[in-house]
Amino acid sequence: MHDDCTDNRTNNSAAKTQHGTKDGSMRHYPLHSGSATAVGLATTLGLLALSAALLSETSALAVENSAPPNIVYILADDLGWKDVGFHGSDIRTPNIDELAKTGVEFKEFYVQPMCTPTRAALMTGRYPLRYGLQSGVIPSGGRYGLPTDEWLLPQALKNVGYETALIGKWHLGHAKPVYWPRQRGFDFFYGALVGEIDHFKHEAHGVGDWYRNNEQFKQVGYDTTLFGDEAVKLIDQHDAKKPLFLDLSFTAPHTPYQAPKEYLDKYLQITDPSRRAYAAMITAMDDQVGRVLEVLEKRHMRDNTLIIFHSDNGGPRSAKFTGESVVKGELPANNGPYRDGKGTLYEGGTRVVAIANWPGRIKPGRVDDMIHVVDMYPTLVGLAEGKLGKNKPLDGVDIWATISEGKPSSRTEVVYNVGPFGGAVREGSWKLVWLSLLPQRVELFDVAADPSEKTNLSEKNPDKVKELQSRITDLATRMAQPLLLADVFRIVLSAPPSTPEEYFAHTD
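All values reported here derive from a predicted model rather than from experimental measurement.

Caption draft 1: A look at the layout of surface pockets. Space inside the largest pocket adds up to approximately 590 Å³. Elements with a minimum of two residues in the lining of the largest pocket: β15 (413-419), β16 (422-427), β17 (430-435) and α12 (483-494). When its volume is computed, the second largest pocket comes out at roughly 340 Å³.

Caption draft 2: Main features of the sheet that holds strand β6 (residues 188-192). Ordered in space as β10-β9-β6-β5-β11-β3-β12-β13-β4-β14, the 10 strands form an open sheet in which the pairing is mixed. Single-partner strands in this sheet number two, and they are β10 (215-216) and β14 (365-372). When strand β4 (residues 104-110) meets β14, the two strands line up parallel, connected through 6 bridges. Residue pairing across strands places Glu108 opposite Met370, the latter belonging to β14. Strands β4, β12 (305-311) and β13 (354-357) of the sheet are contacted by helix α2 (residues 94-102), whose axis makes an angle of about 65° with β13.

Caption draft 3: The arrangement of the pattern of salt bridges in detail. If you walk through the whole model with that rule in mind, you get 27 salt bridges. Across the pair Lys407 and Glu405 runs a salt bridge, and its minimum N-O distance is 3.3 Å. When the shortest N-O distance is used, the salt bridge between Glu453 and Lys431 registers 2.7 Å. Placement of Glu453 in the loop between β18 (441-446) and α11 (462-478) and of Lys431 in strand β17 is noted, with a sequence separation of 22 residues between them. Neither residue differs from the other here; Glu453 and Lys431 are each classed as buried. Counted as one network, the salt bridges with shared partners bring together Asp77, Arg119, Lys169 and Asp312.

Rules used throughout
Numbers given for residues are sequential positions, taken from 1 along each chain in its written order. Where totals are concerned, whole chains, interfaces and linings use all residues; where local detail is concerned, this predicted model gives features only for residues with pLDDT of at least 70, and gives and counts side-chain atom pairs only at 80 or more. With hydrogens and water excluded, all non-hydrogen atoms of the structure serve as input to the side-chain values. Points on a 1 Å grid over protein atoms alone make up a cavity when a 1.4 Å probe fits among them but cannot get out, and a pocket when they form an open set with protein on both sides within 12 Å along at least five of seven lines; lining residues each have an atom within 4 Å of a point. Grid points are joined across faces, edges and corners, and a volume is the space filled by probe spheres set on the points. In this text, helices come from DSSP runs of H or I with a minimum length of four residues, and strands from runs of E with a minimum of two, each type numbered from the N-terminal end. Only strands that DSSP links by at least two bridges are regarded as paired with each other. Any two residues whose heavy atoms approach within 4.5 Å are treated as being in contact. The axes are straight lines fitted to the C-alpha atoms, using for helices just the contacting stretch, and the angles between their N-to-C directions are given from 0 to 180°. Each salt bridge in this description consists of a side-chain nitrogen of Lys or Arg and a carboxyl oxygen of Asp or Glu lying within 4 Å of one another. Burial classification: accessible surface area is computed with a 1.4 Å probe over protein chains only, and a residue below 20% of its type maximum counts as buried, one above 50% as exposed, and the rest as partly exposed.

Structure (structure tokens):
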């Protein structure tokens, strides 16, 4: 792949508009209406005007293509790998499909197994084990957040002149305003702070969670549509002289599985209510993606806008990881050939549908290299002509040449996660999943030959197991203690004593 080029049309020299005499002086011709000379000169002047216009157009394109791009970063929430049209699903996603068709699809795009860690990895360019967000997600009652000494992606982009906005879900700290988006580099925030809300009531556990900037307010409507409304409004009013970074983070298709009737009616052939709602949520999200593309075209911003789309983790295949909502029956998410789903270290929980699209700058195709979400931080800062330095040491690598030119990525390792109870790493095609809690489980896979992780090769390759266990142990010795566990201990140790009356009151 290669960069878009400006128009290199040549223009005629101005010297051709006059004719020289033998002595070198310039001969001037009288202009007579209808004369051949007048027509010729008029034609020449016309060509000059056309050449000037083409030169102006070329210069404008050169300025546009050399300017830092707008970045629209779209996150889905708990989207199954197979649950898009271009992966063969019956769920209709025409706008996302078009982005894949005209951009690049990442074959091996990795994220963390759950929501908070993935969002933290994107914001920092660092594995969550570095700062204590490697375990679980921030619960509704959690008091902690993404540590404030991390230099986040929106801060880095704002530092080089970007307008920065987050529309949608945050889930990186809600208990104190110091953790909120406006205090972490976003000029504008609209959406929810916690991890799971009712999609119509915009509340969690009966408590409202709907904000514009730092002010909580009430609003009627389906959150996916409201996020689209706000994104369209923001882009439509954006000063095109400034580059834009929009983090559009949908709450779809995360539980509770809810959608407006008009979308549910699109899937009357699906009898299972959870899957019908799940499918409807994805199509509703796709419609909003389409609206964003339309307004970018309307504002003549599309040709200088990089769009990234992916899920924050794989679709949930266990009720333990669907969230705080009760889901009955078969879970609807489909991760295709990949094992298990959200909350696990297997491919189904960590390898997600992912797309990059930028007209003229990214050729349609596929990126086969291993990519991790931490790579987006240095890649986007580099495209923005920003400088690294205020950030802590990155785990991400700049992959722009891989995306745009097809050059091999320098990444040879992926750290799926490392925590107190186990971890998983991949070196080349070898992947080790090590659950250290008793009874201990060690699994070794050749992911290139066995992407579905069906064959455990640990007994046949003890040296490789030892090598990768050593890598996990090394990371564990240097990891920050999980903030979730500290908060859980606080809650448990500070709880009032149980009484017999309370026990019997809650016993059937």
